[in-house]
Amino acid sequence: MEKISVLFTQKYDWLAKLLLKVCGYQYSHASLSLGNEDNIFYSFNVNGFCKESSEKFKRYGVENSLLYETYVNNNVYYELKRRVAEIDASHNEMKYSYLGVFFCLIKIPFSWKNHYFCSQFVAEMLVETGAVKLKKKSSLYVPEQLRAELERQCNWTKTINII
């Protein structure tokens with residue numbers, strides 16, 4: 001069994017501020033960590049695919065965070081690791097999906113090759129590898145909704161403000 005983690009943070013860029021103000025969500029960003037890489041998180045931001053760390057979050061003024069952890073079997077873990085490595089290897093082709101966020105907010109599933117927003121990326125990685133089962137398509141989860149979905153699943157442990 002290997003540990004995976006999903007980190008939810010409250011970022012303060014213009015898109016996050018809009019989501020927080022319009023929707024009232026507490027968390028505006030989601031990222032994924034694999035195994036013992038406790039300080040490396042994979043996600044998408046407005047610059048595309050990114051690797052993040054708690055130091056980077058601190059530099060950008062992130063104060064509120066929530067970490068969910070669970071253990072998955074080795075097959076799921078290595079498939080997650082393979083998929084993240086594949087995306088990392090082609091990170092120059094990976095773009096942020098502004099359209100995806102828009103369609104998510106109006107509850108219309110939308111996927112575009114090599115384009116993701118943060119919670120869509122995390123949800124898709126978790127679902128397609130069999131780490132979790134979600135009720136909706138990956139493209140229909142903003143971070144706060146993904147957090148709520150993981151909260152309902154009893155095999156995740158939660159830690160508040162790890163940053």
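Residues numbered from 1 in each chain as written. Predicted model: local features only at pLDDT ≥ 70, side-chain atom pairs only at ≥ 80, totals over all residues. Heavy atoms only, no water.

Helix and strand counts for the protein chain come out as six helices and eight strands. Going residue by residue from the N terminus, the α and β elements of the protein chain occur as β-α-β-β-β-α-β-α-β-α-β-α-α-β. For the protein chain, the C-alpha radius of gyration of 14 Å lies close to 15 Å, the compact-globule estimate for 163 residues. When the 163 residues of the protein chain are sorted by exposure, 53% land in the buried category. (Helix = DSSP H or I, 4+ residues; strand = E, 2+ residues; numbered from the N terminus. Rg over C-alpha atoms; globule rule 2.2 N^0.38 Å. Buried < 20%, exposed > 50% of the residue type's maximum accessible area, 1.4 Å probe, protein only.)

For strand β3 (residues 41-45), the tally of buried residues reaches five of five residues, placing the bulk of the element in the interior. Alternating residues of β3 divide into Phe41, Ser43 and Asn45 and Tyr42 and Phe44, and every residue in both groups is buried. Sheet analysis places β3 next to strand β4 (residues 48-52), joined by five bridges and oriented antiparallel. Considered in β4, the bridge of Asn45 is made with Gly48. Counting the residues between successive antiparallel strands, the hairpin from β3 to β4 contains two residues. (Pairing = 2+ DSSP bridges.)

Here is a general trend for soluble globular proteins: nonpolar side chains tend to be buried in one another's company. Counting residues in hydrophobic clusters, the biggest one holds 39 residues, and the most contacted among them are Ile4, Phe8, Leu32, Phe121 and Leu126. If you list the elements that add at least two residues to this core, you get β1 (2-9), β2 (29-34), β3, β5 (65-72), α3 (74-89), α4 (98-105), α5 (118-128) and α6 (143-152). Beyond its immediate chain neighbours, meaning those up to four positions away, Phe8 contacts Tyr27, His29, Ala30, Asn64, Ser65, Leu66, Tyr68, Pro143, Leu146, Arg147 and Leu150. Grouped together as the second largest cluster of nonpolar side chains are five residues, Leu7, Phe41, Val62 and Leu67 included. (Core = buried A, V, L, I, M, F, W, Y, C linked by side-chain atoms within 4.5 Å. Contact = heavy atoms within 4.5 Å.)

Quick look at the pattern of salt bridges now. Tallied over the entire structure, the rule returns ten salt bridges. Among the ionic pairs, Glu69 bridges to Lys3, the shortest N-O distance being 3.4 Å. A residue pair is termed long-range when its members are at least 10 positions apart, and Glu69 in strand β5 and Lys3 in strand β1 qualify at 66 residues. Taken as a pair, Glu69 and Lys3 share a single burial class, namely buried. Glu149 is the salt-bridge partner of Arg152, the closest N and O atoms lying 3.1 Å from each other. Taken together, the positions of Arg152 and Glu149, both in helix α6 and three residues apart, correspond to about one turn of that helix. (Salt bridge = Lys/Arg side-chain N within 4 Å of Asp/Glu carboxyl O.)

This paragraph deals with the side chain of Gln120. Looking at the element boundaries, Gln120 is found in helix α5. The exposure class of Gln120 is buried, given its relative accessible area of 1%. For Gln120, the residues in contact, after removing those within four places along its chain, are Ser97, Phe110, Ser111, His115, Ser138, Ser139 and Tyr141.

Here we come to the environment of Tyr60. In this structure, Tyr60 sits in the loop between α2 (54-59) and β5. Separated by 58 residues in the primary sequence, Tyr60 and Cys118 place their C-alpha atoms 17 Å from one another.

Averaged over every residue, the pLDDT of the protein chain is 90; residues scoring 70 or more account for 97%. Within the protein chain, helix α1 (residues 14-23) has the poorest average pLDDT of any element, 72, and strand β7 (residues 115-116) the best, 98. (pLDDT = per-residue confidence, 0-100.)

At Lys107, a residue that is not glycine, the phi angle is positive and equals roughly 65°. Tracing the chain through its elements places Lys107 in the loop between α4 and β7. Judged by relative accessible area, which is 61%, Lys107 ranks as exposed. Although it is not a glycine, Asn114 sits at a positive phi angle of roughly 65°. Examined against the element boundaries, Asn114 turns out to sit in the loop between α4 and β7.

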